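One-letter residues, chain by chain:
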Amino acid sequence: MLLSNLPKIMIICLTCTIIIECTIAYILKVRDKKDLINVVLVNVLTNPLLVSTTTLIKVFISIKLHNILLPIFEIIAFIVEGFIYHKCLNYKKINGFLLSLILNLSSYFIGTLINNIIW
C-alpha cells in the first residue's frame, strides 16, 4: 500500500461509514434530521482518526500490531460515539451506547465484507 493513497482511503472509508451508519440508524427509526446530522458529524470526528492511525501503523510498523490495535481503537470509537449519542441525540428508543454499538458493528462488518469483495 502506498502512503500517497491514504487521503483516498480515508475519504472512501468515511463515505462508506456514513452511508452505512445513517442507513442503519434510519432503519432503527432515527428520523430527526438533527440526530442524523449528529451521526454524520460523530463519524467525521472519529473515522478519519481511526483509519489514518491504523493505516499508518500497518504501513510503518507491522500488520500484527495493526491487528492487535484495531479492536482497541474500535472500542474507543464506540465509547466516544456512545457518549456523544447518549448526551446529544433526541432519539431515546435505544440507549446511545447501544446505538453506537449497533452502528459500529454494522459499519465494521459491512465495510469488511465490501473490502474483501473489492480487494
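Use the structure listed above.
All chains use their own residue numbering, which begins from 1 and follows the written sequence. With pLDDT at 70 or above as the cut-off, local features in this predicted model cover only qualifying residues; side-chain atom pairs require 80 or more to be listed or tallied, and sums for whole chains, interfaces and linings still use all residues. Note that water and hydrogens are dropped before the side-chain values are worked out from all heavy atoms of the structure.

**Side note on the nonpolar core**
Membership of the largest hydrophobic core comes to 17 residues, with the highest contact counts inside it found for Tyr85, Tyr91, Leu99 and Leu103. The helix count covers DSSP runs of H or I at least four residues long, the strand count covers runs of E at least two residues long, and both are numbered beginning at the N terminus. Looking at this core, the elements that each hand over two or more residues are helix H1 (6-27), helix H2 (33-60), helix H3 (63-88) and helix H4 (96-118). Counting residues per element, this core draws most heavily on H1, which supplies six residues. Apart from the residues lying within four places of it in its own chain, the contact partners of Tyr85 are Glu21, Asn38, Val39, Val42, Asn43, Gly96, Leu99, Ser100 and Leu103. What we call a nonpolar core is a set of buried Ala, Val, Leu, Ile, Met, Phe, Trp, Tyr and Cys residues that are connected through their side-chain atoms within 4.5 Å. Burial classes: relative accessible area under 20% of the type maximum marks a residue as buried, over 50% as exposed, and values in between as partly exposed (1.4 Å probe, protein chains only). Whether two residues are in contact is decided by their heavy atoms, any of which lying within 4.5 Å being enough.

**Some thoughts on the side chain of Thr17**
Within the secondary structure, Thr17 is located in helix H1. The class of Thr17 is buried, set by a relative accessible area of 11%. Discounting chain neighbours no more than four positions away, the residues touching Thr17 are Asn43, Asn47 and Ser107.

**Some words on H4**
One less than the number of residues in a helix, times 1.5 Å, gives the span that helix is expected to have. An ideal rise of 1.5 Å per residue puts 33 Å on 23 residues; H4 measures up with 32 Å between its terminal C-alpha atoms. Where H4 is concerned, the buried positions are Gly96, Leu99, Ser100, Leu103, Asn104, Ser106 and Ser107. At its buried positions, H4 is contacted by H1, H2 and H3. Here a polar contact is recorded for every N or O atom pair within 3.5 Å, except that within protein the pair must consist of a potential hydrogen donor and a potential acceptor, and residues adjacent in sequence are included only if both atoms are side-chain atoms. Put simply, Asn95 is the residue that caps the front of H4, since its side-chain oxygen is 2.7 Å from the backbone nitrogen of Phe97.

**Digging into a nonpolar patch on the surface**
Surface patches are defined over residues having more than 30% relative accessible area and no salt bridge, joining like charges when they lie within 9 Å and nonpolar side chains (Val, Leu, Ile, Met, Phe, Trp, Tyr) when within 5 Å. Where accessible areas are quoted, they stem from the Shrake-Rupley method and a 1.4 Å probe; at the residue level, only the protein chains shown are allowed to cover. A pair is scored as a salt bridge if a Lys or Arg side-chain nitrogen falls within 4 Å of a carboxyl oxygen belonging to Asp or Glu. Together, Ile110, Leu113, Ile114, Ile117, Ile118 and Trp119 make up an exposed nonpolar region whose accessible area comes to about 700 Å². Among the residues examined, Ile110 registers a relative accessible area of 34% and is labelled partly exposed.

**Let's talk about unusual backbone geometry**
We note that Lys29 has phi near 75°; this positive angle belongs to a residue other than glycine. Assignment of secondary structure puts Lys29 in the loop between H1 and H2.

**Topic: the environment of Asn115**
Looking at where Asn115 falls in the secondary structure, it is placed in helix H4. Assessed through its relative accessible area of 39%, Asn115 is described here as partly exposed. Separated by 28 residues in the primary sequence, Asn115 and Lys87 have C-alpha atoms spaced 32 Å apart.

**Quick look at the state of the cysteines**
Two cysteine sulfur atoms form a disulfide, by the criterion used here, when they sit within 2.5 Å. Counting across every chain of the model gives zero disulfides. Free of any disulfide, Cys22 has its nearest neighbouring cysteine sulfur in Cys16, separated by 13 Å. Of the cysteine sulfurs around Cys88, a residue in no disulfide, the closest is that of Cys22, at 15 Å. Given a relative accessible area of 36%, Cys88 falls into the partly exposed group.

**Considering the packing of aromatic side chains**
Think of it this way: a Phe, Tyr or Trp ring, Trp meaning its six-membered ring, pairs with another when their centres are within 6.5 Å, and the plane angle makes it stacked under 30 degrees, edge-to-face over 60, tilted otherwise. Taken as a whole, this structure holds one aromatic pair when the rule is applied. Seen from their ring centres, Tyr108 and Phe109 are 5.3 Å apart, and the 80° between their planes marks the pair as edge-to-face. Residue Tyr108 is classed as partly exposed on the basis of its relative accessible area, which comes to 34%. Judged by its relative accessible area of 52%, Phe109 falls in the exposed class.

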